[in-house]
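Spelled out, the chains give:
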Amino acid sequence: MLVRAITAPVLRRWCRGQRSAAAACFPLGRALLGVRGAEAAVFLQGLLTNDVTQLVAAGDAPPALYAHALNVQGRCLYDVILYRLHGSTAEEPDILLECDSSVLDSIQKHLKLYKIRRKVTITPCPDLSLWAVIPGEQPGDASSLPKSADQALLLTPDPRAEVMGWRLIAKKGANLSEIIPGSQIGDVQDYHRHRYKQGIPEGVKDLPPGVALPLESNLAFMNGISFTKGCYIGQELTARTHHMGVIRKRLLPVSFPEPLPSSGIPAGTEILTESGKRAGKFRAGQGELGIALLRLAHTKEPLCIHLAGDTVKLRASTPQWWPKAAAK
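Residues numbered from 1 in each chain as written. Predicted model: local features only at pLDDT ≥ 70, side-chain atom pairs only at ≥ 80, totals over all residues. Heavy atoms only, no water.

Looking up the chain in an unreviewed UniProt entry gives the name Iron-sulfur cluster assembly factor IBA57, mitochondrial, with the organism given as Rhabdornis inornatus. Recorded under Sequence similarities (unreviewed entry), the UniProt text for the chain is reproduced unchanged: "Belongs to the GcvT family. CAF17/IBA57 subfamily." Its UniProt record, at the heading Subcellular location (unreviewed entry), says of the chain: "Mitochondrion". (UniProt positions renumbered as here; feature names shortened; annotations may be inferred.)

Asker: Kindly report on the packing of aromatic side chains, identifying the contributing residues and their values.
Answerer: Applying the stated criterion across every chain yields a total of three aromatic pairs. Here F26 and Y191 contribute two aromatic rings whose centre-to-centre distance is 6.0 Å and whose plane-to-plane angle is 40°, an arrangement assigned as tilted. Linking F26 in strand β1 (residues 21-27) with Y191 in helix α5 (residues 188-198), this pair joins segments that are 165 residues apart in sequence. One exposure class covers both F26 and Y191, and it is buried. Note on F256 and F282: the rings are 5.9 Å apart at their centroids and 70° apart in plane angle, and the pair reads as edge-to-face. Residue F256 is located in the loop between β11 (249-255) and β12 (270-273), and its partner F282 is located in strand β13 (residues 278-286); the two are separated by 26 residues in the primary sequence. For the pair formed by F256 and F282, the shared burial category is buried. Positioned above the aromatic ring of Y66 is the side chain of R160, whose terminal nitrogen or guanidinium carbon lies 5.9 Å from the ring centre. The positively charged end of R250 is found above the aromatic ring belonging to W322, 6.0 Å away from the centroid. (Phe/Tyr/Trp six-rings, centres within 6.5 Å; stacked < 30°, edge-to-face > 60°. Helix = DSSP H or I, 4+ residues; strand = E, 2+ residues; numbered from the N terminus. Buried < 20%, exposed > 50% of the residue type's maximum accessible area, 1.4 Å probe, protein only. Lys NZ or Arg CZ within 6 Å of the ring centre and 35° of its normal.)

Asker: An account of the environment of L219 is needed here, citing residue identities and associated values.
Answerer: In this fold, L219 is placed in the loop between α5 and α6 (235-244). Using a relative accessible area of 0% as the deciding quantity, one classes L219 as buried. Separated by 140 residues in sequence, L219 and D79 place their C-alpha atoms 9.7 Å apart. Aside from chain neighbours lying at most four places away, what touches L219 is T49, Y66, H68, P214, G224 and I225. (Contact = heavy atoms within 4.5 Å.)

Asker: Can you break down the sheet that holds β11 residue by residue, with the values?
Answerer: Pairing within the closed barrel is antiparallel, and its six strands lie in the order β11-β14-β13-β12-β15-β16. Geometrically, the sheet is characterised by an average inter-axis angle of 45° between neighbouring strands, direction not taken into account. Bridge count for β11 against strand β16 (residues 310-316) is two bridges, and the pairing is antiparallel. Bridged to V254 within β16 is A316. The strands touched by α5 are β11, β13 and β14 (289-295); relative to β13, the strand with the most contacts, the crossing angle is about 155°. (Pairing = 2+ DSSP bridges. Axes fitted to C-alpha atoms, helices over the stretch in contact; angles between N-to-C directions.)

The structure is reproduced here in structure tokens:
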């Protein structure tokens, strides 16, 4: 498999852009699929919420796109990030698809169901590893250059939100300290805590297949949907909701000021206001941080969960990276 390695000038610019901040590299348990062939982008265009043709457009094509694959009822099946590996429009489209590893088999079946006779190959990439790179605050050596740039396939800003840093795809077993000088390997649980603090859903726990709605899941805020592209599976309900402009519930970060029960908070637990009104449901979390689908009318009220005879208090917050109009 041909790969396009990161060059030294690219990493030099990246390091300078971090203002000498050391980066934490988190190994992710997400899977990668190669979708390659002359019709790769056209094929994915009919299955995903974002405009995949951007990846094969002439000019300044984006290196990565975020999107959801929906079912016919317009509910999320898979959250994915697409990466462009081909260098120009003269090359055959070569796209990597990142997905939750627990649904790798089902997403392959989903893609092959709609492949029909298209000139596309779909293959897992077990020889590659995926990393989240979050800039830190400790000084780093920004002047140093990579010693093994050929170990890296792609280093690109996370397309969902600037607060999520960068995505790095490297060869399995690559030395991260050589690819990103001064970086440190972080605990993946800290990565998930960072996600929940910022209200960024990822994977089937945060976005239950066949349950989560894309606009309630802030897909538009995370640059994951095009409202001008052609038809795709699940488009009708999503487009209607967007044009009506009424979204009463959204995924929001929540925090628990007091220690949680040892068993944690089960997914789907109902969240109430102090007066007993239904405010939403808890999705998932890490420690005292989590994410919940909440009615916007109740997000500024004191909230609680009744669990095993106890009342657990929690607070919702609006992420700073959201559009200003949405935060009101």
